[in-house]
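# What the coordinates show
These are the residues of each chain, in order.
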Amino acid sequence: MTDPISDYLTRIRNASMAKHRVVEIPASNLKKEMTKILLDKGYIANFKFADDEGPQGTIKIALKYDSRTKESAIRSMKRISKPGLRKYADTSSLPRVLNGLGIAILSTSKGVITDKEARIYNVGGEVLCYIY
């Protein structure tokens, strides 16, 4: 696997399209931080880190669906910065996803944060993905 972030996003996207309740993903520190952001922003129901499985453990993510329409809380997940072409943004050019309705996840010197937090901290970084 050459791009673990893209694999992470694809596993969540495929599980939500197939209406699965739980998806298991191989863990890494970056994926754990991204999962915490998804929970804080309300895109997933819950998560659990299982360190006993595999060399690095796994992340079990409980996906969130609308109770009436059965649609996933995550409408779209798009990888922006790829291994072949990294995308960086400074404080003046931070992206706004769906005019502020979605989030952009950035890897900065302050850690893995959203675009809104990056504006507050006045930092830029690598734009990992857009989620809405």
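Note: the structure precedes this text.
This report concerns the structure included in the present document. (Residues numbered from 1 in each chain as written. Predicted model: local features only at pLDDT ≥ 70, side-chain atom pairs only at ≥ 80, totals over all residues. Heavy atoms only, no water.)

## What about the sheet that holds strand 2 (residues 44-50)?
The line we're drawing: Any two strands with at least two DSSP bridges between them are considered paired. Segments assigned H or I by DSSP are reported as helices when at least four residues long, segments assigned E as strands when at least two residues long, and all are numbered from the N terminus. Lines fitted to C-alpha atoms define the axes here, with helix axes fitted over just the stretch in contact, and angles between the N-to-C directions of these axes take values from 0 to 180 degrees. Contacts are residue-level and defined by heavy atoms, with any inter-residue pair within 4.5 Å sufficient.
Pairing is antiparallel in the open sheet, where three strands are placed in the order 1-3-2. Across the chains shown, the open sheet's two edge strands, defined by having one partner strand only, are strand 1 (22-26) and strand 2. For this sheet, the mean inter-axis angle between neighbouring strands, taken without regard to orientation, is 20 degrees. In this sheet, strand 3 (residues 58-63) lies alongside strand 1 in antiparallel orientation, the contact comprising five bridges. In the strand pairing of strand 3, Val 22 is matched with Ala 62. Contacting strand 1 and strand 3, helix 1 (residues 4-17) runs over the sheet at an angle of about 165 degrees to strand 1. With respect to the sheet, helix 2 (residues 29-40) is in contact with strand 1, strand 2 and strand 3, its orientation differing from that of strand 2 by roughly 155 degrees.

## Thoughts on the side chain of Ser 72
Put simply, the rule is: Buried residues are those whose accessible area, probed at 1.4 Å on protein chains only, stays under 20% of the maximum for their type, while exposed residues exceed 50% and partly exposed ones sit between those limits. The term polar contact refers here to a pair of N or O atoms within 3.5 Å; inside protein, the definition further demands a hydrogen-donor-capable atom paired with an acceptor-capable atom, and it admits residues adjacent in sequence only when both atoms are side-chain atoms.
Mapped onto the fold, Ser 72 is located in the loop between strand 3 and strand 4 (77-79). Relative accessible area serves as the criterion here: at 13%, Ser 72 is assigned to the buried category. Only 3.1 Å separates the side chain of Ser 72 from the backbone nitrogen of Ile 74, close enough to count as a polar contact. For Ser 72, the contacting residues outside a window of four places in its chain are Ser 16, Lys 64 and Tyr 65.

## A short note on the packing of aromatic side chains
Note the cut-off: Ring pairs shown here join Phe, Tyr and Trp side chains whose ring centres sit within 6.5 Å, with only the six-membered ring taken for Trp; geometry is labelled stacked below 30 degrees between planes, edge-to-face above 60, and tilted in between. We call a charge positioned above a ring when the Lys NZ or Arg CZ atom is no farther than 6 Å from the ring centre and deviates by at most 35 degrees from the ring normal.
Under the counting rule described, the total for this entry stands at one aromatic pair. Geometrically, the ring pair formed by Phe 47 and Phe 49 is tilted, given 5.0 Å between the ring centres and 45 degrees between the ring planes. Looking at Phe 49, the relative accessible area reads 27%, which means it is partly exposed. The ring of Phe 49 carries Lys 32 above its face, with NZ or CZ at 5.1 Å from the centroid. The ring of Tyr 121 has Lys 110 lying over it, and the distance from NZ or CZ to the ring centre is 6.0 Å.

## What to know about the pairing of strand 3
As judged from the six bridges shared by strand 2 and strand 3, these two strands associate in the antiparallel manner. When the bridges of strand 3 are listed, Asn 46 appears paired with Ala 62.

## Looking at the environment of Thr 58
For Thr 58, the position within the fold is in strand 3. For Thr 58, a relative accessible area of 13% gives the class buried. Counting along the chain gives 19 residues from Thr 58 to Leu 39, while the straight-line C-alpha distance between them is 17 Å. Thr 58 has contacts with Ile 25, Pro 26, Ala 27, Lys 48, Phe 49, Ala 50 and Glu 53, leaving out every residue within four places of it along the chain.

## Concerning a nonpolar patch on the surface
Threshold: Two distance rules govern patches: like charges are joined within 9 Å, and nonpolar side chains (Val, Leu, Ile, Met, Phe, Trp, Tyr) within 5 Å, applied only to residues with over 30% relative accessible area and no salt bridge. To measure how exposed things are, a 1.4 Å probe is used in the Shrake-Rupley method; for residues, cover is taken only from the protein chains shown. Salt bridge, as applied in this entry: a Lys or Arg side-chain nitrogen positioned within 4 Å of an Asp or Glu carboxyl oxygen.
Where nonpolar side chains cluster on the molecular surface, the patch consists of Leu 98, Leu 101 and Tyr 132 and spans about 320 Å² of accessible area. Along the chain, Tyr 132 falls in the segment after strand 8 (125-131). Look at Tyr 132 and you get partly exposed, because its relative accessible area is 33%.

## Overview of the nonpolar core
Nonpolar side chains tend toward joint burial in soluble globular proteins. Worth spelling out the cut-off: Residues enter a nonpolar core if they are buried and are Ala, Val, Leu, Ile, Met, Phe, Trp, Tyr or Cys, with the set joined through side-chain atoms within 4.5 Å.
In this structure, Ile 12, Met 34, Ile 61, Ile 105 and Ile 131 are the most contacted members of the largest nonpolar core, which totals 25 residues. Only helix 1, strand 1, helix 2, strand 3, strand 6 (103-108) and strand 8 provide two or more residues apiece to this core. Here the element with the most residues in this core is helix 1; it accounts for five residues. Residue contacts for Ile 105: discarding those within four places in its chain leaves Met 34, Ile 37, Val 112, Ile 113, Glu 126, Val 127, Leu 128, Cys 129 and Ile 131. Ile 80, Ala 89, Ile 113 and Val 123 belong to the second-largest nonpolar core, a separate cluster that totals ten residues.

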